[in-house]
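One-letter residues, chain by chain:
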Amino acid sequence: MSSGLSVGIVGLPNVGKSTLFNALIGECHAIASNYPFCTIDPNVGIVPVYDPRLDELSVLSHSKKIVYATMRFVDIAGLVAGASTGEGLGNQFLSNIRETDAILHVVRCFESSDIIHVSGKVDPIHDIEIINLELRLADLQMVENALSRLEKQLKSHKELAIPIQALKKAEAHLNRNLPVRSLELNEEEKVALQAYSFLSQKKVIYVTNVAETDLPEMNNSHVQAVREYAAKEENTVIPICAKLEEEIGQLPLAERKEFLSSAGLEESGLERLIKASFHMVGLITYLTTGEIETRAWTIREGTIAVEAAGKIHTDIQKGFIRAEVTPFEEMIRYKGRVGAREAGKVRSEGKDYRVQDGDVILFMHN
């Protein structure tokens, strides 16, 4: 996986996707307009993941620069019913979303006579179900094509029996209007299905886009309905006012905190979204620090030390001797690695050590 998480922003036309995207990248690259399909090619924004721990470490190390982790946001063309059969920009939408790690599904939870709703009325559950149905139908099409191909080869390739069995389970599940992520499989079947990029297997955060009049609570009957729907799927809901976030994104960093406070908010929607997205796909960051730079490295939860070393350079992975690990809190408490070492807070870990979020690591290698 690349160093940054890739998240696709999806939703029906006119729900606030492009406005949210502009907020996320802090610049108006996407054209937020009051008509469907204004985002025809997927806009891509690479966003630094602000982490105050890096600021503190860079002061201790007198670092010349700070390198935050990044997230890749892909603003995908607005979807309509029938996308799985090519309606609207359907096929393009589906191919763009297959390449992302997770989905931010923007749902309109505000009333406005100025912004036309594609269905003529605001009904977030109806909107969610349109998109979820299209994802399942696209998956079903993929399964049917795969089964048709594999069943012809089964006589001469007996090893295809398990993939076929797993695909048939997925087909039955999708035909019951259920997403692949809720399908129960044995280990062999799970491995067999890894070759297929199921859209309905991706984890989802529902971003409920509310009006400025809903601040600071960001709650209304529409948001409540989405919460109840998401709870059944075991998915997350993050309420956001995309219009406010877009305004914040255009302010200098120094002014953002004050602006948020004036709206009764402690942190921006971007910060909440990043935390939720990281958690959702099991990502953590470990840290390195020195005079040249202080940097965050994004890895999957459960990554072992030798693999984490490879994120920096394959030579470090190949020549790995050990990892000197100091928890971030101990680095701060003892004012750097030297103080932490003297206090006995620096551990020497081998190749198979599972790296923890916030570990400050110095890799020893040949």
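Quick look at the structure, then. As the structure is a computational prediction, the values presented were derived from the model and not from experiment.

Cut-off values and rules
Residues numbered from 1 in each chain as written. Predicted model: local features only at pLDDT ≥ 70, side-chain atom pairs only at ≥ 80, totals over all residues. Heavy atoms only, no water. Phe/Tyr/Trp six-rings, centres within 6.5 Å; stacked < 30°, edge-to-face > 60°. Helix = DSSP H or I, 4+ residues; strand = E, 2+ residues; numbered from the N terminus. Buried < 20%, exposed > 50% of the residue type's maximum accessible area, 1.4 Å probe, protein only. Salt bridge = Lys/Arg side-chain N within 4 Å of Asp/Glu carboxyl O. Contact = heavy atoms within 4.5 Å. Axes fitted to C-alpha atoms, helices over the stretch in contact; angles between N-to-C directions. Parallel < 35°, antiparallel > 145°, perpendicular 65-115°, else oblique. Left-handed = near helix turned anticlockwise from the far one by under 90°. Nonpolar A, V, L, I, M, F, W, Y, C, P; charged D, E, K, R; others polar. Polar contact = N/O pair within 3.5 Å; in protein donor to acceptor, adjacent residues only side chain to side chain.

**Let's talk about the packing of aromatic side chains**
No. 1: Under the counting rule described, the total for this entry stands at six aromatic pairs.
No. 2: Measuring from centroid to centroid gives 6.2 Å for Y206 and Y229, while their planes differ by 80°, and the two rings are edge-to-face. With a gap of 23 residues between them, Y206 in strand β6 (residues 204-209) and Y229 in helix α7 (residues 221-233) connect regions that are remote in the sequence. Each of the two residues, Y206 as well as Y229, counts as buried.
No. 3: Judged by centre distance (5.9 Å) and plane angle (85°), the ring pair of Y286 and F363 falls under edge-to-face. Taken as a pair, Y286 in strand β8 (residues 283-289) and F363 in strand β12 (residues 359-365) lie far apart in primary sequence, 77 residues in all.
No. 4: Look at Y286 and you get buried, because its relative accessible area is 0%.
No. 5: Overall, F363 belongs to the buried group, its relative accessible area being 9%.
No. 6: Feature note: the residues Y286, W297, F320 and F363 constitute an aromatic cluster, connected by ring pairs.

**Quick word on helix α9 (residues 253-262)**
No. 1: The buried count for α9 comes to one of ten residues, which makes it a mostly uncovered element.
No. 2: Where α9 terminates, the next one or two residues include G264, which has phi positive at roughly 80°.

**Considering the pattern of salt bridges**
No. 1: Within this structure, the stated rule accounts for 16 salt bridges.
No. 2: In this structure, the salt-bridge partner of K168 is E151, at a minimum N-O distance of 3.1 Å. Separated by 17 residues along the polypeptide, K168 in helix α5 (residues 161-175) and E151 in helix α4 (residues 124-153) bring together distant segments of the chain.
No. 3: On the basis of relative accessibility, which here comes to 43%, the residue K168 falls in the partly exposed class.
No. 4: Judged by relative accessible area, which is 38%, E151 ranks as partly exposed.
No. 5: Residue E330 is joined to R333 by a salt bridge in which the shortest nitrogen-to-oxygen separation is 2.8 Å. Here E330 pairs with R333, and both are found in helix α13 (residues 328-333), just three residues apart, close to one helical turn.
No. 6: It is possible to trace a salt-bridge network through shared partners that takes in D51, R53 and D357.

**Focus: the environment of V223**
No. 1: Position of V223 relative to the elements: it lies in helix α7.
No. 2: Separated by 16 residues in the primary sequence, V223 and P239 have C-alpha atoms spaced 7.5 Å apart.
No. 3: Excluding residues that lie within four positions of it along the chain, V223 makes contacts with C109, T208, V210 and M218.

**Quick notes on the packing of helix α1 (residues 17-25) against helix α8 (residues 242-249)**
No. 1: Between α1 and α8, the least distance of the axes is 7 Å, while the angle of their chain directions is 30°. Classified by the interaxial angle, the pair formed by α1 and α8 is roughly parallel. Crossing handedness for the pair α1 and α8: left-handed. Residues T19, L20, N22 and A23 of α1 form the contact with α8, whose participating residues are A242, K243, E245, E246 and G249.
No. 2: Of the residues belonging to the contact of α1 with α8, the class tally is three nonpolar, three polar and three charged.

**Describing the environment of Y286**
No. 1: Residues Y286 and A308 lie 22 residues apart in sequence; the distance between their C-alpha atoms is 8.5 Å.
No. 2: If near-sequence neighbours (up to four positions away) are discounted, Y286 is found in contact with R295, A296, W297, I299, A308, A309, K311, I312, V355, D359, I361 and F363.
No. 3: A polar contact is formed between the side chain of Y286 and the backbone oxygen of A308, at a distance of 2.7 Å.

**Observations concerning the packing of α4 against α5**
No. 1: Put simply, α4 and α5 touch, their axes get as near as 10 Å, and they point 150° apart. The angle between α4 and α5 places the two elements in the roughly antiparallel class. You can see that α4 and α5 cross each other, and the crossing is left-handed. Across the interface between the two elements, R136, D139, L140, V143, E144, A146, L147, L150 and E151 of α4 pack against P163, I164, L167, K168, A170, E171, L174 and N175 of α5.
No. 2: Residues of the contact of α4 with α5, tallied by class, amount to ten nonpolar, one polar and six charged.

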